[in-house]
Amino acid sequence: AVFFHQEFTMTIERTFSIIKPDAVAKNVVGEIQSRFEKAGLRIIASKMIRLTPEIAGKFYEVHKARPFYNDLCSYMSSGPVVVQVLEGDGAVLKNRDIMGATNPKDAAPGTIRADFAESIDANAVHGSDAPETAAQEIAFFFSGTELCDRP
Ligand code: GDP
Ligand code: MG
């Protein structure tokens, strides 16, 4: 009965993901993307870009009042990143589960942050925290024509 219920309440969602400069520098882009694919998420858009501090600042504006904001923005512009859109059943929460906790010291074994992250700043990946923020973050980096329909 539980299985039946889950099958019919799962909804196809899109979420926004960044492979951060530390993970790109470690050459684990493919390994990280593979984890999303193995969990049933489809990459429907992906590009490698270098953020300016201004763009990073705009993207992380929600954290403007936090003490780590300036460090975060300079870190995110310190090297290339991969921005991507993931699609699948419950994609927002699924991505957060695969990522692990913000601080890699607290991240569960087998999560991306447990396996690849260095520190709370250099923590390998970003992932949207809700469907509403996912929509905003996707629109921040991608135009509609860059999102590919996947069967
Ligand atoms: P996330 O959603 O798990 O990425 O975490 P948050 O949205 O709370 O924070 C955004 C990013 O800011 C995190 O991924 C970290 O890289 C960084 N960050 C969050 N909290 C701290 C902190 O207490 N100290 C520092 N230095 N960085 C932080
Ligand atoms: Mg967040």
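Overview of the structure. (Residues numbered from 1 in each chain as written. Chains lettered and ligands numbered in written order. Predicted model: local features only at pLDDT ≥ 70, side-chain atom pairs only at ≥ 80, totals over all residues. Heavy atoms only, no water.)

**So, the pattern of salt bridges**
Keep this limit in mind: Any carboxyl oxygen of Asp or Glu within 4 Å of a side-chain nitrogen of Lys or Arg constitutes a salt bridge here. Segments assigned H or I by DSSP are reported as helices when at least four residues long, segments assigned E as strands when at least two residues long, and all are numbered from the N terminus. Accessibility here uses a 1.4 Å probe with only protein chains present; expressed as a share of the type maximum, an area under 20% marks a residue as buried, one over 50% as exposed, and anything in between as partly exposed.
Here the structure, examined in full by the defined rule, presents seven salt bridges. A salt bridge links Arg-14 to Asp-149; its shortest N-O distance comes to 3.8 Å. On the criterion of sequence distance, the pair formed by Arg-14 in strand β1 (residues 12–19) and Asp-149 in the segment after α8 (131–141) is long-range, its members being 135 residues apart. On the accessibility criterion, Asp-149 (71% relative accessible area) is exposed. Notably, a salt bridge pairs Glu-118 with Lys-26, separated by 2.5 Å at the nearest N-O pair. Placement of the pair is Glu-118 in the loop between α7 (112–116) and β4 (125–127) and Lys-26 in the loop between α2 (21–25) and α3 (29–38), with a sequence separation of 92 residues. A relative accessible area of 52% places Glu-118 in the exposed class. When its relative accessible area of 35% is taken as the criterion, Lys-26 is described as partly exposed. Connected through salt bridges with shared partners, the residues Arg-14, Arg-42, Glu-87 and Asp-149 form a single ionic network.

**Here's the deal with the site of ligand 1**
For clarity, the threshold we go by: In this text, near means that some heavy atom of the residue lies within 4 Å of the molecule or strand in question. Within 3.5 Å is the distance limit for a polar contact, defined as a pair of N or O atoms, with the added protein rule that one can donate a hydrogen and the other accept it, and that residues adjacent in sequence qualify only through two side-chain atoms. Computed with a 1.4 Å probe, the accessible areas rest on the Shrake-Rupley method; for each residue, only the protein chains presented here act as cover. Grid spacing is 1 Å over the protein atoms alone, the probe is 1.4 Å, and a cavity is where that probe fits but cannot get out, while a pocket is an open set with protein on both sides within 12 Å along at least five of seven lines and lining residues have an atom within 4 Å of a point. Assignment to a cavity or pocket requires that more than half of a molecule's atoms be within 2 Å of the site's grid points.
Near ligand 1 you find Lys-20, His-63, Phe-68, Leu-72, Arg-96, Thr-102, Arg-113, Ile-120, Asp-121 and Asn-123, and these make up its full shell. Between an oxygen atom of ligand 1 and a main-chain N or O atom of Ile-120, the distance comes to 2.7 Å. Within the side chain of Asn-123, one N or O atom sits 2.9 Å away from an oxygen atom of ligand 1. About the coverage of ligand 1: the protein hides 78% of its 540 Å² of free accessible area. If you map ligand 1 onto the pockets, it falls in the largest pocket.

**Thoughts on the nonpolar core**
The condition is simple: The criterion is simple. A nonpolar core is a set of buried Ala, Val, Leu, Ile, Met, Phe, Trp, Tyr and Cys residues joined through side-chain atoms within 4.5 Å.
Of all hydrophobic cores here, the largest spans 21 residues; its most connected members are Phe-16, Met-76 and Phe-142. For this core, the elements supplying multiple residues, two or more each, are β1, β2 (42–49), α4 (53–59), α5 (69–76), β3 (81–89) and α8. It is α5 that provides the largest number of residues to this core, a total of five residues. With 19 residues, the next largest nonpolar core counts Val-28, Ile-43, Val-82 and Phe-116 among its residues.

**Topic: the pairing of β1**
The cut-off we apply is this: Between any two strands, at least two bridges found by DSSP are needed for them to pair.
Within β1, six of the eight residues are buried, which leaves it mostly tucked inside the rest of the structure. Strand direction decides the pairing type here: β1 and β3, joined by eight bridges, are antiparallel. For Phe-16, the partnering residue across the bridge sits in β3 and is Val-85. Summarising the sheet, β1 and β4 pair through three bridges and their orientation is antiparallel. Bridge pairing in β4 places Ile-19 opposite Val-125.

**Description of the layout of surface pockets**
This is how the line gets drawn: Grid points are joined across faces, edges and corners, and a volume is the space filled by probe spheres set on the points. Just so you know the grouping, Ala, Val, Leu, Ile, Met, Phe, Trp, Tyr, Cys and Pro go in nonpolar, Asp, Glu, Lys and Arg go in charged, and all remaining residues, Gly too, go in polar.
Of the pockets and cavities examined, the largest pocket occupies roughly 660 Å³. Those elements that place two or more of their residues in the lining of the largest pocket are α4, β4 and α8. Element by element, the count of residues in the lining of the largest pocket is highest for α8, at four residues. Partitioned by chemical class, the residues of the lining of the largest pocket number eight nonpolar, eight polar and nine charged.

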